[in-house]
Amino acid sequence: MNTKRNFNATTEPEGAIKKSITELVFVMQKHAASNLHYDFRLEVDGVLKSWVIPKGPSMNPADKRLAIMVEDHPYDYKDFEGIIPEGNYGAGTVIIWDNGSYTLADKEGADNIEKKLKSDLKEGHLSFILNGKKLKGEFALVELKTKEENTWLLIKKNDQYASDEDVLEQDKSVISNRTLESLEK
């Protein structure tokens, strides 16, 4: 979880395994690294399961967005906004583009939500409801059965929050109200 980072050179949180007290959290970070992308993170079992979304999320069910599963991040990463210095893994500027809580879309037979989440991830299909400031409603992460490992799709379900408006035009951080460009300055 922390093997790719040099904590003497970056302000990223090293963190430990922790859990939310009430609701499970998610965060979508906008990350200007070598390529602009979005990092989607879901709290599961005390860490943040993480996917890189190259084109960013969409509220349009017709848009299926590539999601590449990457290493787990520490729980404290949910609050990270800042600049990762050159020479470090993921060097670039990061803002918290969206955050909030999430629940399972299918709670049937989910006496233990964490156990169900891990089972769904292992099976390669996870449906959840986001309650964020920008991202709302039901989504699914579906693992692709291809030669490329860790490739998934992030898909918005057709519900009352579905829209063909470009949610990415809302480009400011939900905690600092800054854009990537203003944080870089």
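Further up the page is the structure itself.
Rules and cut-offs
Residues numbered from 1 in each chain as written. Predicted model: local features only at pLDDT ≥ 70, side-chain atom pairs only at ≥ 80, totals over all residues. Heavy atoms only, no water. Pairing = 2+ DSSP bridges. Helix = DSSP H or I, 4+ residues; strand = E, 2+ residues; numbered from the N terminus. Phe/Tyr/Trp six-rings, centres within 6.5 Å; stacked < 30°, edge-to-face > 60°. Lys NZ or Arg CZ within 6 Å of the ring centre and 35° of its normal. Contact = heavy atoms within 4.5 Å. Polar contact = N/O pair within 3.5 Å; in protein donor to acceptor, adjacent residues only side chain to side chain. Patch = residues over 30% accessible without salt bridge, like charges linked within 9 Å, V, L, I, M, F, W, Y side chains within 5 Å. Areas by Shrake-Rupley, 256 points an atom, 1.4 Å probe, with all protein chains shown as cover. Salt bridge = Lys/Arg side-chain N within 4 Å of Asp/Glu carboxyl O. Lys, Arg positive; Asp, Glu negative; His and termini not counted. Charge placed at Lys NZ, Arg CZ, Asp CG, Glu CD. Buried < 20%, exposed > 50% of the residue type's maximum accessible area, 1.4 Å probe, protein only. Core = buried A, V, L, I, M, F, W, Y, C linked by side-chain atoms within 4.5 Å.

Visitor: What should I look at first to understand the pairing of strand β8 (residues 136-143) in this one?
Guide: Look at any regular strand and the pattern is simple: side chains alternate between the two faces of the sheet. When strand β7 (residues 125-132) meets β8, the two strands line up antiparallel, connected through seven bridges. Of the residues in β8, the one forming a bridge with His 125 is Val 142.

Visitor: How should I be thinking about the packing of aromatic side chains in this particular structure?
Guide: According to the stated counting rule, one finds eight aromatic pairs in the structure shown. When the ring of Phe 128 is compared with that of Phe 139, the centres are 6.4 Å apart and the planes differ by 10°; the resulting orientation is stacked. Taken together, the positions of Phe 128 in strand β7 and Phe 139 in strand β8 put the pair 11 residues apart, joining distant regions of the chain. Taken together, the ring pairs connect Phe 26, Phe 40, Trp 51, Tyr 102, Phe 128, Phe 139 and Trp 152 into an aromatic cluster. Above the face of the Phe 139 ring, Lys 156 is positioned so that its terminal group lies 4.9 Å from the ring centre.

Visitor: For this particular structure, what's the right way to read the environment of Lys 78?
Guide: By the secondary structure assignment, Lys 78 is in the loop between β4 (64-74) and β5 (82-84). For the pair Lys 78 and Leu 48, spaced 30 residues apart in the sequence, the C-alpha separation amounts to 7.8 Å. Dropping the residues within four chain positions of it, Lys 78 is found in contact with Val 25, Val 27, Leu 48 and Ile 96. Polar contacts involving the side chain of Lys 78 include one to the side chain of Asp 79, which spans 2.8 Å.

Visitor: Just to check I follow, could you spell out a negative patch on the surface for this structure?
Guide: Taken together, Asp 164, Glu 165, Asp 166 and Glu 169 make up a surface patch of like negative charges. Glu 169 sits in the exposed class, given a relative accessible area of 63%.

Visitor: Is there a simple way to think about the environment of Leu 36 in this case?
Guide: Within the fold, Leu 36 resides in strand β2 (residues 36-44). Distance in space between the C-alpha atoms of Leu 36 and Thr 93 is 9.5 Å, their sequence separation being 57 residues. Not counting chain neighbours up to four residues away, the residues in contact with Leu 36 comprise Lys 30, His 31, Pro 54 and Leu 180.

Visitor: What am I meant to see in the nonpolar core here?
Guide: Side chains that are nonpolar tend, in soluble globular proteins, to be buried together. Residues Phe 40, Leu 42, Trp 51, Tyr 102, Phe 128, Leu 130 and Leu 141 are the most contacted members of the largest nonpolar core, which totals 27 residues. Those residues in contact with Leu 141 that sit more than four places away from it in its chain are Phe 40, Leu 42, Trp 51, Ala 67, Gly 124, His 125, Leu 126, Phe 128, Trp 152, Leu 153 and Leu 154. If you look at the next biggest cluster of nonpolar residues, it comprises five residues, including Leu 48, Tyr 77, Phe 80 and Ile 84.

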